[in-house]
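Reading the structure
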Amino acid sequence: MRRENSVRSSAEWRAWTWPSLLTTARIRQKVPLLALPDGFWLYRAALASRAQGNDMTVEIIQANALALPLPDASVDLIVTSPPYFGLRSYQDGGKHYEGQLGDEPTPAEFVDALIAATREMMRVVKPTGSIWLNLGDKYATAGTRQGNGDGIGDYDSDRTQSARHYMPKPAGIPTKSLIGVPWRYALRCIDDLGLILRAEVIWSKPNGLPESVTDRVRRSHETWFHFTLQPRYFSGVDEIREPHADLTLHAATRRARTDSRLADHGQTSTANPLGKLPGSVWTIPTQPLIVPDELGIDHFAAFPMEWPRRIISGWCPDGGTVLDPFGGTGTTALVAHALDRHGISVDLSSDYCRLARWRTTDPAQIAKAAEQPKPQPIPDGQMELKL
């Protein structure tokens, strides 16, 4: 299945000498495009993508997740990690911008805003589609900085380590108590939106940062929720099955006897030959992202590519459309493109849209998403192409 490509030009794109080749990164937004230091990199990346038969596109859209500029029922899968409540002040050009999720004064108002965003996701996702959403929790503290210690930890969505956010302790929640944001949100999705909660998956982070607390366990996980609109929906979970565990001699003998009895009654083996279903705890390390200095933005605790890779492989049809309405640095769209899907990254911040443009057109990032070796730069003056 292939999607017809089109290029949405702007004055910047028309200035290039090869606009017809820039189909792997279709840009639709109101902010100026990034002036790449070496345009030939993008040229070569586009050629390589077309040579490999990947005609999928990437869209970077500056817009509000509460009013997505997308048609109804146009998306096969949503994979997203919204900003967390009261954790950081996200900034454009060094200034806090209004309207960002997570800036609400209370947890209840944050969940209200997140429910409104989820209702908009339900509008654009197809009836057979899925919504995968990641949320972290935090502790109620007495008006102190929210971060490590009794904060949320070292990872925050697909976004920069921006200024820490100072907020008063939420009313009605005892000091030092977890607020329970993921649970509050999930129950509202079931009760108020009628979504089907198919799974809760625990993200176990083996490389999380240490905490300074001494009277509780270190928090080393976050929560993913898998929602669907209806009981029957697209699933290609066979694509992400895991190898069966090595069996002891006793266990192997017992399984062989069971399979033999099943065969006698015309039934199949208890062990799927493609492997076992993934469990509900996924151990995936956080993944740093080194941003070029010329972008002028701080370091990142990046959204690991492995999360969208597994989810897209398992719940989006080939050639389908994947949306991240809180796109951040564009990880979901980048991985979607690498997996031969159409990726859409939406973010309210012009800085993040600029970062996503860089990331979805950078050959090294594209190769990493495709789990391929990093391409070697072409020396100046050696522009000959072998197609």
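By convention here, each chain's residues receive numbers from 1 onward along its written sequence. Under the rules for a predicted model, residues below a pLDDT of 70 receive no local features and side-chain atom pairs below 80 are neither given nor counted, while totals for whole chains, interfaces and linings still include all residues. Side-chain calculation: all heavy atoms of the structure are included, whereas hydrogens and water are not.

Before going further, it helps to examine the overall build of the chain. For the chain, the helix and strand inventory stands at nine helices and 15 strands. Buried residues in the chain amount to 50% of all 387 residues. In the chain, of all internal contacts separated by at least 6 residues, the share reaching a separation of at least 24 is 76%. Accessible areas in this description were obtained via Shrake-Rupley with a 1.4 Å probe; residue shielding takes into account the shown protein chains only. Total accessible area computed for the chain in this model is approximately 18400 Å², and 53% of it derives from carbon and sulfur atoms. For the purposes of this entry, the term helix denotes a DSSP run of H or I that reaches at least four residues, the term strand denotes a run of E that reaches at least two, and both are numbered from the N terminus. Burial classification: accessible surface area is computed with a 1.4 Å probe over protein chains only, and a residue below 20% of its type maximum counts as buried, one above 50% as exposed, and the rest as partly exposed. Whether two residues are in contact is decided by their heavy atoms: any pair within 4.5 Å suffices.

Now for the nonpolar core. Within the largest apolar cluster, 36 residues are counted, with the highest numbers of intra-cluster contacts made by Ile78, Tyr185 and Leu323. Put simply, the parts of the chain that give this core at least two residues each are β3 (75–80), α3 (107–124), β7 (125–135), α4 (181–191), β10 (221–228) and β15 (342–347). In contact with Ile78, other than residues within four places in its own chain, are Met121, Val124, Val125, Ser130, Ile131, Trp132, Leu323 and Pro325. We define a nonpolar core as any set of buried Ala, Val, Leu, Ile, Met, Phe, Trp, Tyr and Cys residues linked to one another through side-chain atoms lying within 4.5 Å. If you look at the next biggest cluster of nonpolar residues, it comprises 22 residues, including Val201, Ile240, Met305 and Leu334.

Patch membership is restricted to residues that have no salt bridge and whose relative accessible area is over 30%. Joining uses 9 Å for like charges and 5 Å for the nonpolar side chains Val, Leu, Ile, Met, Phe, Trp and Tyr. Salt bridges are counted wherever a side-chain nitrogen of Lys or Arg sits within 4 Å of a carboxyl oxygen of Asp or Glu. A grouping of Leu187, Ile190 and Leu197 is seen on the molecular surface, where their side chains present a nonpolar patch of about 230 Å² in accessible area. Note on placement: Ile190 falls in helix α4.

Lines fitted to C-alpha atoms define the axes here, with helix axes fitted over just the stretch in contact, and angles between the N-to-C directions of these axes take values from 0 to 180 degrees. Across the interface, α3 lies against α4 with an axial gap of 10 Å and an inter-helix angle of 45°. In this view, α3 runs oblique relative to α4, as classed from their interaxial angle. Note that α3 runs across α4; the crossing there is right-handed. Facing Phe110, Val111, Asp112, Leu114, Ile115 and Thr118 of α3, the residues of α4 in contact are Val181, Arg184, Tyr185, Arg188 and Cys189. Orientation labels follow simple angle bins: below 35 degrees gives roughly parallel, above 145 gives roughly antiparallel, 65 to 115 gives roughly perpendicular, and whatever is left gives oblique. Handedness of a crossing is defined here by the sense of rotation of the near helix relative to the far one, left-handed for an anticlockwise turn of less than a right angle and right-handed for a clockwise turn.

The next thing to look at is the packing of aromatic side chains. The pairing test for Phe, Tyr and Trp rings, Trp by its six-membered ring, is centres within 6.5 Å, and the orientation test on the planes gives stacked under 30 degrees, edge-to-face over 60, and tilted for anything in between. With the rule as written, the count across this model stands at 10 aromatic pairs. Seen in terms of ring centroids, Trp132 and Trp315 are 4.9 Å apart; in terms of plane orientation they differ by 50°. Their pairing is tilted. Of this pair, Trp132 sits in strand β7 while Trp315 is found in helix α6 (residues 306–315), placing the two residues 183 residues apart along the sequence. This pair shows no difference in class: Trp132 is buried, exactly as Trp315 is. Arranged with centres 4.9 Å apart and planes meeting at 20°, the rings of Trp282 and Trp307 form a pair that is stacked. Highlighted residues: Trp282 in strand β11 (residues 281–283) and Trp307 in helix α6, separated in sequence by 25 residues. Note on Trp282: relative accessible area 4%, which makes it buried. A relative accessible area of 0% means that Trp307 is categorised as buried. A network of ring pairs unites the aromatic residues Trp132, Trp203, Trp224, Trp282, Phe303, Trp307 and Trp315 as a single cluster.

Its location among the elements puts Ile284 in the loop between β11 and β12 (287–289). Setting aside anything within four residues of it in sequence, one finds Ile284 in contact with Trp203, Ser204, Lys205, Pro206, Pro304, Glu306, Trp307 and Arg310.

Attention shifts here to the pairing of β15. Strand residues, when the strand is regular, have side chains that alternate between the two faces of the sheet. Of all the six residues making up β15, six are buried; the element is thus mostly covered by neighbouring parts of the structure. On β15, burial covers both faces: His342, Ile344 and Val346 on one face and Gly343, Ser345 and Asp347 on the other are all buried. Strand pairing requires that DSSP identify at least two bridges connecting the strands. In terms of strand pairing, strand β14 (residues 321–324) meets β15 through four bridges, oriented parallel. Counterpart to Thr321 in the pairing with β15 is His342. Look down the strands so they point away from you; if going from the first strand over the helix to the second traces a clockwise path, that crossover is right-handed. Viewed along the sheet, the connection from β14 through helix α7 (residues 331–338) into β15 turns out right-handed.

Along the polypeptide, Gly319 turns up in the loop between α6 and β14. Assessed through its relative accessible area of 2%, Gly319 is described here as buried.

Turning next to the confidence of the model for the chain. Looking at the chain as a whole, the pLDDT averages 77, with 65% of positions reaching at least 70. The model gives residues 144–156 a pLDDT under 50, and that stretch makes 61 contacts with residues more than four places away or in other chains. Per-residue confidence from the predictor is reported as pLDDT, which spans 0 to 100. Across residues 160–165 the pLDDT falls below 50, and counting only partners more than four positions away or on other chains, this stretch makes 34 contacts in the model.

With that settled, the discussion passes to the pattern of salt bridges. Opposite charge on two side chains lets them pair, provided their charged atoms get close. Applying the stated criterion across every chain, the model contains 14 salt bridges. A salt bridge links Glu371 to Arg309; its shortest N-O distance comes to 3.6 Å. Taken as a pair, Glu371 in the segment after α9 (363–369) and Arg309 in helix α6 lie far apart in primary sequence, 62 residues in all. The exposure class of Glu371 is exposed, given its relative accessible area of 57%. A residue is classified by how much of its surface remains accessible, and Arg309, at 11% relative accessible area, is buried.

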